[in-house]
Amino acid sequence: WWAYAPRSTCIEEVMSERRDAFLARLDTARAELDAVIGAVSPEGWEATVDGAMRRVDLLAHIEWWERRGSYEIRTLLAGGTPEVGEESLDALNERVTIENRGRGAAEVRTAEAAAWAELRALAATLSEEQLYDPGAFPWLEGEPLKKMIKVESSAHWSDHLNHIRRSEEHTS
């Protein structure tokens, strides 16, 4: 059927499948994070899980990076350049932790879920070219936007899943 199908239709279908598969992988990773979050007891959110970070601090950290990803996408789509501060990644993460201290677990869980929903919704609006073309956004220095989305979501969650899961087993 390939030889007889209109080329634009076939290409669009393949591209759509590629984007859909990427979104499905994000959704699968998110389901794992949601299961881990859902398994945390109410008291468990105050447990120290990574250095001096409490579980609630870690989830607020994840929220911040998801929001950063949404900001970067919106800025790039508008033709702008996302602002980047002078501080190191470690200093930035420390600042984010300090700024989020004192937030309750329920608030952070709700806000993090909303941050993910926003990032996921933005990712779903992107074209194949916007997601996969390494030259689509010069600010990304040759990397496809898909990689940035993954770094701000599923790859980042993977970095922290064991902190959340392991410590719950030891602190409950």
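Rules and cut-offs
Residues numbered from 1 in each chain as written. Predicted model: local features only at pLDDT ≥ 70, side-chain atom pairs only at ≥ 80, totals over all residues. Heavy atoms only, no water. Axes fitted to C-alpha atoms, helices over the stretch in contact; angles between N-to-C directions. Helix = DSSP H or I, 4+ residues; strand = E, 2+ residues; numbered from the N terminus. Left-handed = near helix turned anticlockwise from the far one by under 90°. Contact = heavy atoms within 4.5 Å. Nonpolar A, V, L, I, M, F, W, Y, C, P; charged D, E, K, R; others polar. Buried < 20%, exposed > 50% of the residue type's maximum accessible area, 1.4 Å probe, protein only. 1 Å grid on protein atoms, 1.4 Å probe; cavity = no way out; pocket = protein on both sides within 12 Å on 5 of 7 lines; lining within 4 Å. Points joined across faces, edges and corners; volume = space filled by probe spheres on them. Expected span 1.5 Å × (residues − 1). Arc of directions from axis to C-beta. Salt bridge = Lys/Arg side-chain N within 4 Å of Asp/Glu carboxyl O. Parallel < 35°, antiparallel > 145°, perpendicular 65-115°, else oblique. Core = buried A, V, L, I, M, F, W, Y, C linked by side-chain atoms within 4.5 Å. pLDDT = per-residue confidence, 0-100. Phe/Tyr/Trp six-rings, centres within 6.5 Å; stacked < 30°, edge-to-face > 60°. Lys NZ or Arg CZ within 6 Å of the ring centre and 35° of its normal.

1. Description of the packing of helix α2 (residues 55-77) against helix α3 (residues 89-100)
- Their axes nearest at 9 Å, the elements α2 and α3 cross at an angle of 115°. By crossing handedness, the relation of α2 to α3 is classed as right-handed. Taken together, the residues of α3 that come into contact with α2 (itself represented by Asp57, Ala60, His61, Trp64 and Trp65) are Leu89, Leu92, Asn93, Val96, Thr97 and Asn100.
- Among the residues forming the contact of α2 with α3, the class breakdown is six nonpolar, four polar and one charged.

2. Re unusual backbone geometry
- Positive phi outside glycine occurs at Glu141, with the angle close to 50°.
- Following the sequence through the fold, Glu141 ends up in the loop between α5 (128-132) and α6 (145-152).
- The exposed category is assigned to Glu141, whose relative accessible area is 72%.

3. Let's talk about the layout of surface pockets
- Approximately 490 Å³ is the volume attributed to the largest pocket.
- Partitioning the lining of the largest pocket into residue classes produces 10 nonpolar, two polar and nine charged.

4. As for α3
- Here α3 spans 17 Å end to end across 12 residues, near enough to the 16 Å set by a 1.5 Å rise per residue.
- Listing the buried residues of α3 in full gives Leu92, Asn93, Val96, Thr97 and Asn100. The buried residues of α3 occupy an angular sector of 135° when projected down its axis, which confines them to one face. Summarising the geometry of α3, the exposed residues directed more than 90 degrees from the buried face are Asp90 and Ile98.
- Contacts made by the buried residues of α3 are with β2 (53-54) and α2.
- Downstream of α3 by one or two residues, Gly102 has phi in the positive range, about 95°.

5. Notes on the pattern of salt bridges
- In this structure the tally under the stated criterion is 18 salt bridges.
- A network of salt bridges, in which partner residues are shared, links Glu63, Arg67, Arg74, Arg103, Glu107 and Glu118.

6. What about the packing of α2 against α6?
- In the contact formed by α2 and α6, the axes pass within 8 Å of each other and the chain directions differ by 160°. Between α2 and α6, the angle falls in the class roughly antiparallel. Within the contact between the two elements, α2 uses Trp65, Glu66, Arg68, Gly69, Glu72, Ile73 and Leu76 and α6 uses Leu145, Met148, Ile149 and Glu152.
- Looking at side-chain class alone, the contact of α2 with α6 contains six nonpolar, one polar and four charged residues.

7. Topic: the nonpolar core
- Within the largest apolar cluster, 35 residues are counted, with the highest numbers of intra-cluster contacts made by Phe22, Trp45, Ile73, Leu145, Ile149 and Ile164.
- Sequence-distant contacts of Trp45, that is, excluding residues within four places in its chain, are made with Ile37, Val40, Arg54, Arg55, Val56, Leu59, Ala105 and Arg109.

8. Section: the confidence of the model for the protein chain
- Per-residue pLDDT for the protein chain has a mean of 87; in total, 87% of the residues score no lower than 70.
- Contacts of residues 1-14 to residues separated by more than four positions or lying in other chains number five contacts, the stretch itself having pLDDT below 50.
- Counting interchain partners and residues more than four positions distant, the pLDDT-below-50 stretch residues 167-172 has 12 contacts.

9. Looking at the packing of aromatic side chains
- Tallied over the entire structure, the rule returns two aromatic pairs.
- Judged by centre distance (4.8 Å) and plane angle (80°), the rings of Trp116 and Trp157 are edge-to-face. In this pair, Trp116 sits in helix α4 (residues 105-125) while Trp157 sits in helix α7 (residues 154-171), placing the two residues 41 residues apart along the sequence. Across the pair, Trp157 and Trp116 agree in class, each one buried.
- Over the aromatic face of Tyr132 sits the side chain of Arg18, whose NZ or CZ is 3.6 Å from the ring centroid.
- Note that Arg30 overlies the ring of Trp157, its terminal NZ or CZ placed 5.3 Å from the centroid.

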